[in-house]
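# Examining the three-dimensional arrangement
Below are the chains, spelled out letter by letter.
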Amino acid sequence: MNEPPPTIDALRLLEAMDQAEAAFQLYDADDRLVFASSVLRRMYGDAAEAAQPGRCFEDIVRDLLRRGALPVPPDEQATWLAERLRLHREGGSTLRRMPDGRWRRLVEQRLPDGSHMGYSLDVTEHIESRQALETARDEAQRAHERLLAVIEALPAGFSLFDPQDRLVLSNQRLREMYPVIADLLAQPGSRFEDMMRATIAGGARPGVAAEDAEHYMAQRLAERRQGVCRNLVQSPSGWITRIEQPTADGHVVSIHVDTTALIEQRHAAESA
């Protein structure tokens, strides 16, 4: 018995599907192709003739593979075909790269009457944007790692504090120069004020008496935000030249150079 011709509504629906940017395909309950939109046919170029109405899905896919219309290496085609048939059978979504190099999101679904509908959307811009973001993130990570390596290689102590005077990072040389607070210098987030208190309490500021500690700390906290600050400070191991400079965004960069040998030479020259 011949099937009744499609109603005008069905014809309009197929026409709309054919004009849409998405690539549509429709199979009947026996998995024979009923409709393939013009977008889908253009995707496969000269191999589009494989998608003839009445052909079953598996035969069409195998034909497209044979014609090279699907970018699958020969040694991977068996595995790829099995996964493709599973997706077609069970329904779902997958991401595929087309012969022209563009990316499409393929969605397939069984309908209540046993027929099968599939459609795909061009998501190339989304994929390329994501790849560009991942590339930029990787490059930023590599640049960050290079910066850390340079900071660690400095022959001077280095530290960076955020606008709230919390430690962002320091290098090993700085921790060696200030062993009393080495544990705090190794912990990002440590407060500068806490480091000062620990330094004074540990006797690492020979020139600061206990009764002058609060005044000294207030002075130090204020001068860190007033522009470039250069000081010569005494430590148990010798003399350190400290250079601090606030950045435009409120961070404070600090460089510490051991100048003990220079100071001793100067004192010797003065004594002579």
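This text follows the structure it describes.
All values reported here derive from a predicted model rather than from experimental measurement.

Criteria and cut-off values
- Residues numbered from 1 in each chain as written.
- Predicted model: local features only at pLDDT ≥ 70, side-chain atom pairs only at ≥ 80, totals over all residues.
- Heavy atoms only, no water.
- Helix = DSSP H or I, 4+ residues; strand = E, 2+ residues; numbered from the N terminus.
- Rg over C-alpha atoms; globule rule 2.2 N^0.38 Å.
- Buried < 20%, exposed > 50% of the residue type's maximum accessible area, 1.4 Å probe, protein only.
- Contact = heavy atoms within 4.5 Å.
- Areas by Shrake-Rupley, 256 points an atom, 1.4 Å probe, with all protein chains shown as cover.
- Lys, Arg positive; Asp, Glu negative; His and termini not counted.
- Charge placed at Lys NZ, Arg CZ, Asp CG, Glu CD.
- Expected span 1.5 Å × (residues − 1).
- Axes fitted to C-alpha atoms, helices over the stretch in contact; angles between N-to-C directions.
- Left-handed = near helix turned anticlockwise from the far one by under 90°.
- Nonpolar A, V, L, I, M, F, W, Y, C, P; charged D, E, K, R; others polar.
- Pairing = 2+ DSSP bridges.
- Salt bridge = Lys/Arg side-chain N within 4 Å of Asp/Glu carboxyl O.

### Examining the overall build of the chain
For the chain, the helix and strand inventory stands at 10 helices and 10 strands. Relative to a compact globule of 272 residues, whose C-alpha radius of gyration would be 19 Å, the chain shows 36 Å and is clearly more extended. Seen through its C-alpha atoms, the chain measures out along the principal axes to roughly 120 × 40 × 25 Å. Put simply, the chain has 272 residues, and 35% of those count as buried. Taking all contacts inside the chain whose residues are at least 6 apart in sequence as the whole, residues at least 24 apart take part in 37%. Counting only carbon and sulfur atoms, one obtains 53% of the accessible surface of the chain, whose full area is about 16500 Å². Distance between charge centroids for the chain: 1 Å, based on 33 positive and 43 negative side chains.

### Examining helix H5 (residues 124-153)
With 30 residues, H5 ought to run about 44 Å at 1.5 Å a step, and its terminal C-alpha atoms sit 43 Å apart, in line with that. All of the buried residues along H5 are Thr124, Ile127 and Ile151. Looking at the buried residues of H5, the elements they touch are strand S3 (92-97), strand S4 (103-110), strand S5 (116-122), strand S6 (157-161) and strand S7 (167-170).

### Some remarks on the packing of helix H8 (residues 192-201) against helix H9 (residues 213-223)
The contact between H8 and H9 brings their axes to 11 Å, and the two run at 145 degrees. Of the two elements, H8 crosses H9, and the hand of that crossing is right-handed. Residue-level inspection shows Phe192, Glu193, Met196, Arg197 and Ile200 of H8 in contact with H9, the latter providing Ala213, Glu214, Tyr216, Met217, Arg220 and Leu221. For the contact of H8 with H9, the per-class residue count stands at seven nonpolar, no polar and four charged.

### Re the sheet that holds S5
Strands sit in the order S2-S1-S5-S4-S3 across an open sheet of five strands; the sheet is antiparallel. One side of each edge strand has no neighbouring strand; the edge strands of this open sheet are strand S2 (33-36) and S3. Taking each pair of neighbouring strands and ignoring which way they run, the sheet shows an average axis angle of 15 degrees. Across the sheet, helix H4 (residues 77-90) is in contact with strand S1 (23-27), S3, S4 and S5; its angle to S4 comes to roughly 50 degrees.

### A short note on the pattern of salt bridges
Enumeration according to the criterion identifies 24 salt bridges in this entry. The shortest N-O distance in the salt bridge between Glu90 and Arg89 comes to 4.0 Å. Residue classification places Glu90 among the exposed residues on the basis of a relative accessible area of 52%. One salt bridge connects Glu223 with Arg242, and the closest N-O pair in it is separated by 3.8 Å. Of this pair, Glu223 sits in helix H9 while Arg242 sits in strand S9 (residues 238-246), and the two are 19 residues apart along the sequence. The class of Glu223 is buried, set by a relative accessible area of 17%. Ionic contacts of the salt-bridge type, sharing partners, join the residues Asp165, Arg220, Glu223, Arg224, Arg242 and Glu244 into one network.

### Description of the pairing of S1
Burial analysis of S1 places four of its five residues in the buried class, the great majority of the element. Inspection of the sheet shows S1 paired to S5 by five bridges, in the antiparallel sense. Opposite Gln25, over in S5, you have Gly118 as the bridge partner. When S1 meets S2, the two strands line up antiparallel, connected through three bridges. By the bridge assignment, Leu26 is partnered in S2 with Phe35. Between S1 and S2, which pair antiparallel in sequence order, lie five residues; one of them, Asp31, sits at a positive phi of approximately 65 degrees.

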